[in-house]
Amino acid sequence: SVSAVNAAFLVRSSDATAMAAVTAAGDVFLSADLGATWKAALSTGLALAGVSAVTFQNGSNTVLWATTATGSIFKLDTAATTVAWVAQPTAAALDNGVGIASGVATSPVIYALDNNGSLTRLIGDASAAENIAAATGVTAATNLFIVPAAGGNTLWAVTAPKLYTFKDTIAVAV
């Protein structure tokens, strides 16, 4: 089971009706009542080791995205017939995933940040992926935050000395 003691990550869906907890061992638990009760989302043996960040897909209560310490990006659809983490294609390997966020677009858009400040953007079913190089001077990135909006998603990359912003208008329908 899950508790505040063993949850490494706790995220809430964009409509605030569902929560997911991921343990340090990579097990996933879901709550449809904002944490009053929890149920395991994965079958035994399907945990994702090394999760470094997790988020719900914007507009979904059932789709989770994660990045790992090895830089991989994974998708988990808890409403699917087979509930399992699925590796996603990326344009370039992330060095060490430190943040992941979901934005607003005509199809899902996912952003993953690595520790060097490089950003990977996945659009739709992840078949459209690209790497956005880090800005000059970005080092030691530790987290990624987003304000999703129809006019463009604004992202903030947290680094040791500074906070960097990036406004993505390419993921917005024209």
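Everything below is about the structure shown above.
Rules used in this analysis
Residues numbered from 1 in each chain as written. Predicted model: local features only at pLDDT ≥ 70, side-chain atom pairs only at ≥ 80, totals over all residues. Heavy atoms only, no water. Helix = DSSP H or I, 4+ residues; strand = E, 2+ residues; numbered from the N terminus. Buried < 20%, exposed > 50% of the residue type's maximum accessible area, 1.4 Å probe, protein only. Contact = heavy atoms within 4.5 Å. Areas by Shrake-Rupley, 256 points an atom, 1.4 Å probe, with all protein chains shown as cover. Pairing = 2+ DSSP bridges.

Turning to the overall build of the protein chain, a few remarks are in order. When helices and strands are tallied, the protein chain shows 0 helices and 15 strands. Of all 174 residues assigned to the protein chain, the portion counted as buried reaches 43%. Long-range pairs, those at least 24 residues apart, make up 39% of the contacts in the protein chain with a sequence separation of at least 6. As displayed, the protein chain has an accessible area near 8,300 Å², and 56% of this comes from carbon and sulfur atoms.

All right, on to the sheet that holds strand β1 (residues 7–12) then. With respect to topology, 4 strands assemble into an open sheet ordered β1-β2-β3-β4, the strand pairing being antiparallel. Looking at which strands have only one partner, the edges of the open sheet turn out to be β1 and β4 (39–40). Here 5 bridges tie β1 to strand β2 (residues 19–23), and the two strands are oriented antiparallel to one another. Counterpart to Ala7 in the pairing with β2 is Thr23.

Burial within strand β11 (residues 119–123) is extensive, with 4 of its 5 residues counted as buried. Bridge analysis of strand β10 (residues 109–114) against β11 gives 5 bridges, and the strand direction is antiparallel. Of the residues in β11, the one forming a bridge with Tyr111 is Arg121. The pairing of β11 with strand β12 (residues 128–132) spans 5 bridges and is antiparallel. Opposite Leu119, over in β12, you have Ile132 as the bridge partner.

Geometry only, nothing functional implied.
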